[in-house]
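# Chain and residue survey
Each chain, letter by letter, is given below.
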Amino acid sequence: MSESAKPKDQPFHENYVAEYIQGLERRVRDLEQEKRVIEGQYLKVDREFASLRAEFERLRTPPLVAATVLDVLEDNRVIVRSSAGPHFVVTASNFIKLEDLKPSVRVALNQRTFSIVEILPSKKDPFVLGMEIETVPNVSYKEIGGLEDQIREVKETVELPLLKPALFGKVGIDPPRGVLLYGASGTGKTLVARAVAHETKATFTRVIGSELVQKYIGEGARLVREMFDLAREKAPSIVFIDELDAIGARRLETSTSGDREVHRTLMQLLAEIDGFDPRGEVKIIGATNRPDILDPALLRPGRFDRLIYFPLPNGAARLTIFNIHTKSMNLDKDVDLKTLAKMTERATGADIKAVCTEAGMFAIRDEREQVEQADFEHAVAKVLPPTRMIEASEFTVKPEKMYGY
Ligand code: ATP
């Protein structure tokens, strides 16, 4: 009852009792509120305790030994090769379905009894998974200067079979299995391969040949096998092997054990290419600066049987490449890209890109926002001589004499 509603002549002790009860009710409410807060805190601490206990248990778990299944015996025991090398005949935990234990499956073994306690999910080497994989690169043909013939050939041999495999069936021919791009470094081989992957919406896997050369016997071949497994999983896909000469060099009679390992890797690559369905969803593109040292086995029909040469860009192509790389630059109105294209004879696409970046750097150094013709000219002088020095190995005159420094 509210204060105003109370009768005036209510006795003193009744007022006192009513106030006392109100006070008690307030206290109960406060205590309930406090209880809720404490319960919330208890829940939080309890959760933290559970997570710490789980972490503690996790840290105390003894390590398991990784192994690969080689064979399953009739009495349900399994032959495995442990990651350290030796082979063991072991039993499997009852929780593991025997039908999942197939040769080459990766498993975890108990450290003491070596029983199989778990099937490991990924059988891919971390190196393979760490490869440069782009799900549909964002480079289109528009960003490539010159190279029209090369793009047309790559389209015919890689893009058409991926996009219209039925067409080849109707005509009754198999498209080429592998395409080899060759030419000086920086002439746009990788760029074209990425653009094809973009146009065909394919996964682009790039691996450098020298990365496939491994220290232990059989490792390189395994990497090649797993790389193609991964490409098939992510199909449609394009496997791009840069510096193919690192594993594809001509085999000689006299060879060291290192050479033999490289050859094993090459044999695995050839086996993978031979096993391809030419109208399938995986395409292989190789690139090299040294086609002359490649093993003829790689170039025979049915393997890298389409060779595409990437020349140095001519004047018109250099102008287009300048236009492409200066598209988003803030250029002074006096900048004359035609003169620059004339000045950069024997430059590759990569050189021209470096010239544009360097010209921008000169402007930034001078605290200007616009890039001027002089910046480009300085950049040409700075970027081109060392590049030419590398190419100059074919000349008898020393680079210092050629460039007068
Ligand atoms: P390497 O043999 O050393 O791998 P590459 O021939 O594969 O060289 P790319 O990686 O394709 O060369 O080229 C390097 C960079 O140069 C590209 O990212 C691109 O920016 C530029 N470039 C090269 N050629 C062209 C071109 N024709 N048009 C536009 N940009 C180009």
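The rules behind these values
- Residues numbered from 1 in each chain as written.
- Predicted model: local features only at pLDDT ≥ 70, side-chain atom pairs only at ≥ 80, totals over all residues.
- Heavy atoms only, no water.
- Pairing = 2+ DSSP bridges.
- Helix = DSSP H or I, 4+ residues; strand = E, 2+ residues; numbered from the N terminus.
- Axes fitted to C-alpha atoms, helices over the stretch in contact; angles between N-to-C directions.
- Patch = residues over 30% accessible without salt bridge, like charges linked within 9 Å, V, L, I, M, F, W, Y side chains within 5 Å.
- Areas by Shrake-Rupley, 256 points an atom, 1.4 Å probe, with all protein chains shown as cover.
- Salt bridge = Lys/Arg side-chain N within 4 Å of Asp/Glu carboxyl O.
- Near = heavy atom within 4 Å.
- Polar contact = N/O pair within 3.5 Å; in protein donor to acceptor, adjacent residues only side chain to side chain.
- Nonpolar A, V, L, I, M, F, W, Y, C, P; charged D, E, K, R; others polar.
- Parallel < 35°, antiparallel > 145°, perpendicular 65-115°, else oblique.
- Left-handed = near helix turned anticlockwise from the far one by under 90°.
- Contact = heavy atoms within 4.5 Å.
- Buried < 20%, exposed > 50% of the residue type's maximum accessible area, 1.4 Å probe, protein only.
- Core = buried A, V, L, I, M, F, W, Y, C linked by side-chain atoms within 4.5 Å.

Now for the sheet that holds strand β3 (residues 87-90). The antiparallel open sheet is built from five strands, whose spatial order is β3-β2-β1-β4-β5. One side of each edge strand has no neighbouring strand; the edge strands of this open sheet are β3 and β5 (116-119). Geometrically, the sheet is characterised by an average inter-axis angle of 45° between neighbouring strands, direction not taken into account. As defined by bridge partners, strand β4 (residues 106-109) adjoins β5 across three bridges and the pair is classed as antiparallel. From the neighbouring strand, Ala108 faces β5, where its bridge partner is Glu118.

It is worth spelling out a nonpolar patch on the surface at this point. Together, Phe12, Tyr16, Val17, Tyr20, Ile21 and Leu24 line one region of the surface with nonpolar side chains, adding up to about 670 Å² of accessible area. Structurally, Tyr20 can be placed in helix α1 (residues 12-60).

In the neighbourhood of the ligand, 18 residues make up the surrounding shell, with Gly145, Ser185, Gly186, Lys189 and Thr190 lying closest. A distance of 3.4 Å is found between an oxygen atom of the ligand and a side-chain nitrogen or oxygen belonging to Asn289. Here Ala350 contributes a backbone N or O atom positioned 3.4 Å from an oxygen atom of the ligand. Relative to its free-state accessible area of 640 Å², the ligand is covered by the protein chains to the extent of 82%. Going through the elements one at a time, α5 (189-199), α10 (315-326) and α12 (349-365) are the ones with two or more residues in the shell around the ligand. Residues of the shell around the ligand, tallied by class, amount to five nonpolar, nine polar and four charged.

A few words on the packing of α10 against α12. The N-to-C vectors of α10 and α12 enclose an angle of 40°; their axes lie 9 Å apart at closest approach. By the angle between their axes, α10 is oblique relative to α12. The interaxial crossing formed by α10 with α12 has right-handed handedness. Every residue of α12 that contacts α10 at Arg318, Ile321, Phe322, His325 and Thr326 is listed here: Gly349, Ile352, Lys353, Val355 and Cys356. Taken together, the residues of the contact of α10 with α12 sort by class into five nonpolar, three polar and two charged.

If you check which residues of α5 are buried, you get Lys189, Val192, Ala193, Arg194, Ala195, Val196 and Ala197. Phi for Lys201, located one or two positions after α5, is positive at around 55°.

Most peptide bonds take the trans configuration, and most residues that are not glycine carry a negative phi. Even without being glycine, Phe114 reaches a positive phi, approximately 60°. Tracing the backbone through its elements, the reader meets Phe114 in the loop between β4 and β5. Positive phi, normally seen in glycine, also occurs at Lys201, with a value near 55°. Structurally, the position occupied by Lys201 is in the loop between α5 and β8 (203-208). Residue classification places Lys201 among the exposed residues on the basis of a relative accessible area of 60%.

Here we take up the nonpolar core. Residues Phe228, Ile241, Leu244, Leu269, Ile284 and Leu298 are the most contacted members of the largest nonpolar core, which totals 24 residues. Of all the secondary-structure elements, those providing two or more residues to this core are α6 (219-233), β9 (237-242), α8 (257-274), β10 (282-288) and α9 (296-299). Ranked by size, the runner-up nonpolar core spans 23 residues in total, among them Leu162, Ala195, Ala197 and Ala202.

Summed over the entire model, instances satisfying the criterion amount to twelve salt bridges. For Glu358, the salt bridge is made with Arg365, and the minimal N-O distance between the two is 3.9 Å. Its relative accessible area of 51% is what places Arg365 among the exposed residues.

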